[in-house]
Amino acid sequence: MYAASREASSRSREALRAALTGSDSVAATTGSELFAVVAVLDDQRSLRVALADVSVPGAVRAELSERVFSGKVSAATQAVLTTAVAQNWSRTADLVDTLVLLGQEALLESAADSGRIDAVEDELFRLGRIISDNPELEQALSDHAKPAEAKRELIGRLLTGKSDTITQTLADQVVTRSKTGIGEAFDELSDLAAARREQIVAHVRAAIALTDQQRGHLAASLQRIYGKPVTVHVQVDPSLLTGVVVHIGDDVIDGSATGRLERLRRALA
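First things first, this report covers the structure right here in the doc. Every residue gets a number counted from 1 within its own chain, in the order that chain's sequence is written. Reporting in this predicted model follows two pLDDT cut-offs: at least 70 for local features of residues, and 80 or more for side-chain atom pairs to be given and counted; totals over whole chains, interfaces and linings ignore these cut-offs and use all residues. To get the side-chain values, take all heavy atoms of the structure and skip hydrogens and water.

1. Structural notes on the environment of Ser9
Phase 1: Only DSSP runs of H or I reaching four residues or more are called helices, and only runs of E reaching two or more are called strands; each is numbered from the N terminus. Note on placement: Ser9 falls in helix α1 (residues 3–19).
Phase 2: Accessible area is worked out with a 1.4 Å probe on protein chains only. A residue is then buried under 20% of its type maximum, exposed over 50%, and partly exposed in between. A relative accessible area of 7% places Ser9 in the buried class.
Phase 3: C-alpha separation for the pair Ser9 and Thr98, spaced 89 residues apart in sequence, amounts to 6.3 Å.

Structure (structure tokens):
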């Protein structure tokens, strides 16, 4: 984002924090309604452009949003939306993308308030791995020609009765409008959930499945290195032969057999 949109996003997030008071149902409702607003803006280009038109005073844009959505969303959602559209955005897309992010954060706040954030984070990570490991499934969920309802039905068959309702809501939103790889989008959501718990995420590829004790030792070692709690997500990759490869942000710790062989090959070249 350019500077204007970064400032607008920051103020919109402050409005969300102020709005999310009370029970976890307030956060859940706000998140779901923000997703519904985004769906309307995705469908109505003229409205989308009008709400982000910096040539029009912010107060006028805020009034327009209230005329369109008042009575259709809760007071908390309307307060967040009014603040967001009153800001000056560098691009229309930045307004919409920020509303998506605020919806995600509201739902994760609800999960945290109700003690379900750990389960939601784990479900999002596992769903991302299932999709990434199944090219046909990822293609079906990424197909822009496929109706949104068909994608929601497909993801619903994977999740209904097996996951938290918040995971389902987040997943529905991802598959209907994600512009990146679907598996990658779920990884980003999982990371966002970990950040909500003030933890960093280690994406680990291991030659074989790790025991709970091994995962605990690895998490403790990484916490000593990075100075804050670490959530460890493990994907089994037999091609590594032995050992693990750890990704934390841009950092890569390669302790696999293939990594050691590659370093040896380069040293001998």
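2. Section: the nonpolar core
Phase 1: Each nonpolar core is a collection of buried residues, namely Ala, Val, Leu, Ile, Met, Phe, Trp, Tyr and Cys, held together in the definition by side-chain atoms within 4.5 Å. Judged by nonpolar contacts, the single largest core of 28 residues is most densely connected at Leu16, Val37, Leu41, Leu51, Phe69, Leu95 and Leu99.
Phase 2: At 6 residues, helix α6 (residues 92–113) tops the list of elements feeding residues into this core.
Phase 3: Whether two residues touch is decided by their heavy atoms; if any such pair falls within 4.5 Å, the residues are in contact. Among all residues touching Leu95, those that are not within four sequence positions of it are Leu51, Ala52, Ala84, Val85 and Trp89.

3. Considering the packing of helix α9 (residues 148–159) against helix α10 (residues 165–177)
Phase 1: Their axes nearest at 9 Å, the elements α9 and α10 cross at an angle of 145°. Between α9 and α10 the crossing geometry is right-handed. Together, Ala148, Lys151, Arg152, Ile155, Gly156 and Leu159 of α9 and Thr167, Gln168, Ala171, Asp172, Val175 and Thr176 of α10 make up the contact between the two elements.
Phase 2: Gly is put with the polar residues, along with every residue not named as nonpolar or charged; the nonpolar set is Ala, Val, Leu, Ile, Met, Phe, Trp, Tyr, Cys and Pro, and the charged set is Asp, Glu, Lys and Arg. Here the residues of the contact of α9 with α10 are counted per class, giving 5 nonpolar, 4 polar and 3 charged. Angles shown run from 0 to 180 degrees and are taken between the N-to-C directions of axes, each axis being a line fitted to C-alpha atoms and, for helices, limited to the stretch in contact. With the far helix as reference, a near helix turned anticlockwise by less than a right angle produces a left-handed crossing, and one turned clockwise produces a right-handed crossing.

4. Points about helix α11 (residues 182–196)
Phase 1: With 15 residues, α11 should cover 21 Å at 1.5 Å per step; its first-to-last C-alpha distance of 21 Å lies within 8% of that length.
Phase 2: For α11, every residue scored as buried is listed here: Ile182, Gly183, Ala185, Phe186, Asp187, Leu189, Ser190, Ala193 and Ala194.
Phase 3: Contacts made by the buried residues of α11 are with α6, α7 (117–132), α8 (135–142), α10, β1 (200–206) and β2 (230–236).
Phase 4: A positive phi of about 60° marks Glu198, the residue just after α11. A helix's residues, less one, multiplied by 1.5 Å, set its expected span.

5. A closer look at the sheet that holds β2
Phase 1: At least two bridges found by DSSP between two strands are what make those strands a pair. Strand order in this open sheet of 4 strands is β2-β1-β3-β4, and the pairing throughout is mixed. Taken across any chain shown, the strands that pair with only one partner, and hence form the sheet edges, are β2 and β4 (251–254). Ignoring strand direction, the axes of neighbouring strands in this sheet form an average angle of 20°.
Phase 2: Bridge analysis of strand β3 (residues 244–248) against β4 gives 4 bridges, and the strand direction is antiparallel. Bridge pairing in β4 places Val245 opposite Asp254.
Phase 3: Against the sheet, α11 makes contact with β1 and β2, and its axis sits at roughly 135° relative to β1, the strand it touches most.

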